[in-house]
Amino acid sequence: MDRDFLPVRIAILTVSDTRDASDDRSGDTLAERLVAAGHVLAAREMLRDDRAAIAETLRIWCADPEIDVVISTGGTGLTGRDVTVEAHRDVYEKEIDAFGTVFTIVSMNKIGTSAVQSRATGGVAKGTYLFALPGSPSACRDAWDEILERQLDYRHRPCNFVEILPRLDEHLRRK
């Protein structure tokens, strides 16, 4: 049985203390790839490395019925200013543990053991998927090309994120 492609609405959040919209190569990489795949760029924003502001933006986007997926880039490293992962985890209802593992495997094939320095993560909140990617364009390409493009394609078998999207918040509807 063939399935039709179902576009999802994706928001991109770039987290950086050093870049602005004119040189947001990672955000540009993600935007170009998701649009080329047939998805909708639902929102795009840049924030500084501020845990509370990042978490608040994630919560606002999770509450927006016009956003299905949020992908952030930047702030996943090990330095003191890298707080994106913590902000994501402040919002998650469930973490997608294997996302970080699979991203590490993909990264190992490209950058070897340097992959241990990334803390890419994924989760779900309020029926919205959330993914935190490193701030480099190459890491964004790897995450999109090797994981997200397939998992956000309803036609991908044996399973994908899109087919369970309508059931992510079913626990909230059963009262």
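Quantities reported herein were computed from a predicted structural model and do not represent experimental measurements.

(A) Structural detail: the environment of Gly-75. Relative to the helices and strands, Gly-75 resides in the loop between β3 (69–73) and α3 (84–91). Take Gly-75: its relative accessible area is 10%, and that puts it in the buried class. Remark: the alpha-carbon pair of Gly-75 and Ala-21, spanning 54 residues in sequence, is separated by 16 Å. Not counting the four nearest positions on each side in its chain, Gly-75 is found in contact with Val-15, Asp-49, Asp-82, Val-83, Thr-84, Val-85 and Arg-119.

(B) Quick peek at the packing of helix α4 (residues 97–111) against helix α5 (residues 137–151). The interhelical angle for the contact between α4 and α5, taken along N-to-C directions, is 115 degrees, at an axis separation of 10 Å. Crossing of α4 over α5 shows right-handed handedness. Here α4 contributes Phe-99, Val-102, Phe-103, Val-106 and Lys-110 to the contact with α5, which in turn contributes Ala-139, Asp-142, Ala-143, Glu-146, Ile-147 and Leu-148. Residue composition of the contact of α4 with α5, grouped by class: 8 nonpolar, no polar and 3 charged.

(C) Structural detail: the layout of surface pockets. Computed from the structure, the largest pocket encloses a volume of approximately 160 Å³. What lines the largest pocket is a set of 13 residues, among which Phe-103, Ser-107, Ile-111, Ser-136 and Ala-139 lie closest to the centre. Take the lining of the largest pocket: its biggest share by element is 4 residues, from α4. Of the residues in the lining of the largest pocket, the class split is 5 nonpolar, 6 polar and 2 charged.

(D) Structural view of the sheet that holds strand β5 (residues 121–125). Across the sheet, 6 strands lie side by side as β2-β1-β3-β6-β5-β4; this open sheet has mixed pairing. Whereas interior strands pair on both sides, the edge strands pair on one side only; in this sheet they are β2 (40–47) and β4 (94–95). Here 2 bridges tie β4 to β5, and the two strands are oriented antiparallel to one another. Bridged to Lys-94 within β5 is Val-124. Seen against the sheet, α3 touches β1 (9–15), β3, β4, β5 and β6 (128–133) and runs at an angle of roughly 165 degrees to β6.

(E) Highlighting the side chain of Thr-73. Relative to the helices and strands, Thr-73 is located in strand β3. Judged by its relative accessible area of 0%, Thr-73 falls in the buried class. Among all residues touching Thr-73, those that are not within four sequence positions of it are Leu-13, Thr-14, Val-15, Ser-26, Gly-27, Leu-30, Leu-133, Pro-134, Gly-135 and Cys-140.

(F) Region of interest: the state of the cysteines. In this structure the tally under the stated criterion is 0 disulfides. Cys-140 forms no disulfide, and the closest cysteine sulfur to it belongs to Cys-62, at a distance of 19 Å. Among the residues examined, Cys-140 registers a relative accessible area of 0% and is labelled buried.

(G) The arrangement of the pairing of β1 in detail. The element β1 is largely enclosed, with a buried count of 6 among its 7 residues. Where β1 and β2 come together, 7 bridges link them in parallel fashion. Bridging from a neighbouring strand, Arg-9 pairs with Val-40 of β2. Crossover connection from β1 via helix α1 (residues 25–36) to parallel β2: handedness right-handed. With 5 bridges connecting them, β1 and β3 associate as parallel partners. The residue bridging Ile-10 from the neighbouring strand is Val-69, located in β3.

Parameters at a glance
Residues numbered from 1 in each chain as written. Predicted model: local features only at pLDDT ≥ 70, side-chain atom pairs only at ≥ 80, totals over all residues. Heavy atoms only, no water. Helix = DSSP H or I, 4+ residues; strand = E, 2+ residues; numbered from the N terminus. Buried < 20%, exposed > 50% of the residue type's maximum accessible area, 1.4 Å probe, protein only. Contact = heavy atoms within 4.5 Å. Axes fitted to C-alpha atoms, helices over the stretch in contact; angles between N-to-C directions. Left-handed = near helix turned anticlockwise from the far one by under 90°. Nonpolar A, V, L, I, M, F, W, Y, C, P; charged D, E, K, R; others polar. 1 Å grid on protein atoms, 1.4 Å probe; cavity = no way out; pocket = protein on both sides within 12 Å on 5 of 7 lines; lining within 4 Å. Points joined across faces, edges and corners; volume = space filled by probe spheres on them. Pairing = 2+ DSSP bridges. Disulfide = S-S within 2.5 Å. Right-handed = clockwise from strand over helix to strand, strands pointing away.

Without other data, these values stay purely geometric and don't point to any function.
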